[in-house]
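Results of the structural survey
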Amino acid sequence: MEFLLPIMMTIVSVLLAYHIATEKGLNVKFWIIMAIIFGLLILPFIFFAKNNSKENTENKRGDFLEA
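Residues numbered from 1 in each chain as written. Predicted model: local features only at pLDDT ≥ 70, side-chain atom pairs only at ≥ 80, totals over all residues. Heavy atoms only, no water.

**What to know about the side chain of Ser13**
Checked against the element boundaries, Ser13 lands in helix α1 (residues 4–24). On the accessibility criterion, Ser13 (0% relative accessible area) is buried. (Helix = DSSP H or I, 4+ residues; strand = E, 2+ residues; numbered from the N terminus. Buried < 20%, exposed > 50% of the residue type's maximum accessible area, 1.4 Å probe, protein only.)

Right, dumping it as structure tokens:
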């Protein structure tokens, strides 16, 4: 019974990390592993993390015409 709270906190941190990482375009697998290891302590770091600009420029479709 005493392990219920840490398990629930880990599940909540994994769900939050997954949601925030997908919204910001971050590496989801990395942030989920970090959430499993460190729990809720990763939330400030995930908010300040920058997405990989190389992936965004390759996958992003421009809203302009090229001549």
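**Things to note about the environment of Leu43**
By the element assignment, Leu43 lies in helix α3 (residues 43–48). For Leu43, the residues in contact, after removing those within four places along its chain, are Leu16 and Ile20. (Contact = heavy atoms within 4.5 Å.)

**A look at the confidence of the model for the protein**
Across the protein, the average pLDDT comes to 84, with 76% of residues at 70 or higher. Confidence, read as mean pLDDT per element, is least for helix α4 (residues 53–59) in the protein (54) and greatest for helix α2 (residues 28–38) (95). (pLDDT = per-residue confidence, 0-100.)

**Quick notes on the packing of aromatic side chains**
Counting across every chain of the model gives 1 aromatic pair. Measuring from ring centre to ring centre gives 5.1 Å for Phe30 and Trp31, while their planes differ by 80 degrees; the resulting arrangement is edge-to-face. (Phe/Tyr/Trp six-rings, centres within 6.5 Å; stacked < 30°, edge-to-face > 60°.)

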